[in-house]
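Residues per chain, in single letters:
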Amino acid sequence: MKYLKTRNLTLTAMFMALGLVLPFFTGQIPKIGNMLLPMHIPVFLCGLICGWRYGGAVGLILPIMRHMLFGMPVLFPTGIAMSAELFTYGLVAGLLYSMSKWQCVRALYRAIISAMLIGRFVWGGVNVILFGFSGKGFTWQMFMVGAFINAVPGIVLQLILIPAIMVALDRTKLVLFRKKNTDTEVGIIA
């Protein structure tokens, strides 16, 4: 049990570092970075591999930490809304995946797609509140463009890359898919 906690904390730190670094690969061209959503991938992976608590924590902290270290994303309203969205991704993906009777590619897709939908609605709700405080309106069109239309390349990338990474981890026996429902956390071997 102590090993699992240490392992999860170490992996969580690695996912946090990845979330801080990945945007640099697309940050030179902000339009591409906004479309590929590089901070989302480590949050999803942390939730799926380490569990919903760790994934939620990374999602909540990552945009704020990135703002404090590098000045991006702008904290109000983007960083705050992104923090709520990523928190939801890590929490929902990790929770749904850990509760799956079988952990397999199908369960991965269910967890990821559900988390994406719920997270985008949380992002929209937070933006409605934040834009309301600033005296501006957050319209339905702004929500659709920001949550879905501009994000299509990132959504496609996540739906391909995250399951591919999880399958590779299963095949190398680093993080195993669980074949039946047990009381242990995600089917991981030492």
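Residues numbered from 1 in each chain as written. Predicted model: local features only at pLDDT ≥ 70, side-chain atom pairs only at ≥ 80, totals over all residues. Heavy atoms only, no water.

What to know about the overall build of the protein chain
In step 1: Of regular secondary structure, the protein chain possesses eight helices and zero strands.
In step 2: Counting from the amino terminus, the protein chain carries its helices and strands in the arrangement α-α-α-α-α-α-α-α.
In step 3: Compactness check: the protein chain gives a C-alpha radius of gyration of 16 Å against a globular reference of 16 Å for 190 residues, within 12% of the reference.
In step 4: For the protein chain, buried positions account for 44% of its 190 residues.
In step 5: Excluding contacts between residues fewer than 6 apart, the proportion of contacts in the protein chain whose partners are at least 24 apart in sequence is 69%.
In step 6: Here the protein chain has roughly 10,200 Å² of accessible surface; of this, 74% comes from carbon and sulfur atoms.
In step 7: Separation of charge centres in the protein chain, based on 16 positive and 4 negative side chains, amounts to 4 Å. (Helix = DSSP H or I, 4+ residues; strand = E, 2+ residues; numbered from the N terminus. Rg over C-alpha atoms; globule rule 2.2 N^0.38 Å. Buried < 20%, exposed > 50% of the residue type's maximum accessible area, 1.4 Å probe, protein only. Contact = heavy atoms within 4.5 Å. Areas by Shrake-Rupley, 256 points an atom, 1.4 Å probe, with all protein chains shown as cover. Lys, Arg positive; Asp, Glu negative; His and termini not counted. Charge placed at Lys NZ, Arg CZ, Asp CG, Glu CD.)

Let's talk about the packing of helix α5 (residues 75–99) against helix α6 (residues 105–133)
In step 1: Their axes nearest at 7 Å, the elements α5 and α6 cross at an angle of 155°. Put simply, α5 runs roughly antiparallel to α6. Considering how the two elements wind past one another, α5 and α6 form a crossing that is right-handed.
In step 2: Per-class residue counts for the contact of α5 with α6 are 22 nonpolar, four polar and two charged. (Axes fitted to C-alpha atoms, helices over the stretch in contact; angles between N-to-C directions. Parallel < 35°, antiparallel > 145°, perpendicular 65-115°, else oblique. Left-handed = near helix turned anticlockwise from the far one by under 90°. Nonpolar A, V, L, I, M, F, W, Y, C, P; charged D, E, K, R; others polar.)

Remarks on the confidence of the model for the protein chain
In step 1: Of the residues in the protein chain, 91% have a pLDDT of 70 or more, and the chain-wide mean is 88.
In step 2: Between the elements of the protein chain, mean pLDDT differs from a low of 73, seen in helix α2 (residues 30–36), to a high of 97, seen in helix α3 (residues 40–50).
In step 3: Low pLDDT (under 50) marks residues 181–190, which in the prediction has 27 contacts with non-local residues, meaning those over four places away or in another chain. (pLDDT = per-residue confidence, 0-100.)

What to know about α3
What sets the pattern is the α-helix's 3.6 residues per turn: residues three or four places apart point alike.
In step 1: Most of α3 is tucked away, with eleven of its eleven residues classed as buried.
In step 2: Those residues of α3 lying buried are His40, Ile41, Pro42, Val43, Phe44, Leu45, Cys46, Gly47, Leu48, Ile49 and Cys50.
In step 3: Here the buried face of α3 lies against α1 (2–26), α4 (52–70), α5, α6 and α8 (152–171).
In step 4: In the segment just after α3, Gly51 is the residue with positive phi, at about 115°.

What about the nonpolar core?
Generally speaking, soluble globular proteins have nonpolar side chains that are buried together.
In step 1: Core analysis: the largest hydrophobic core is formed by 36 residues, its most contacted members being Phe44, Leu48, Ile49, Tyr97, Ile162 and Met166.
In step 2: Breaking this core down by element, the ones donating at least two residues are α1, α3, α4, α5, α6 and α8.
In step 3: If one sorts the elements of this core by residue count, α3 sits on top with eight residues.
In step 4: With sequence-adjacent residues up to four places away left out, Phe44 is seen in contact with Tyr89, Ala93, Ile112, Ala115, Met116, Gln158 and Ile162.
In step 5: Counting residues in each nonpolar core, the second largest holds nine residues, with Val126, Leu130, Phe138 and Phe143 among its members. (Core = buried A, V, L, I, M, F, W, Y, C linked by side-chain atoms within 4.5 Å.)

Some words on the side chain of Gln158
In step 1: Topologically, Gln158 is positioned in helix α8.
In step 2: Under the relative-accessibility criterion, Gln158 is labelled buried at 0%.
In step 3: Contacts of Gln158, omitting those with residues within four sequence positions, involve Leu37, His40, Ile41, Phe44, Met116 and Pro163.

Describing the packing of aromatic side chains
In step 1: Taken as a whole and judged by the stated rule, the model has eight aromatic pairs.
In step 2: On the basis of an interplanar angle of 80° and a centroid distance of 4.9 Å, the ring pair of Phe24 and Phe70 is categorised as edge-to-face. With Phe24 in helix α1 and Phe70 in helix α4, this pair connects stretches of sequence that are 46 residues apart.
In step 3: Classification of Phe24 as partly exposed rests on a relative accessible area of 40%.
In step 4: According to the relative accessible area criterion, Phe70 is partly exposed, its value standing at 41%.
In step 5: Taking the centre distance of 5.6 Å and the plane angle of 80° together, the rings of Trp123 and Phe138 count as edge-to-face. Here Trp123, found in helix α6, pairs with Phe138, found in the loop between α6 and α7 (140–149); they are 15 residues apart in sequence, far enough to count as distant. (Phe/Tyr/Trp six-rings, centres within 6.5 Å; stacked < 30°, edge-to-face > 60°.)

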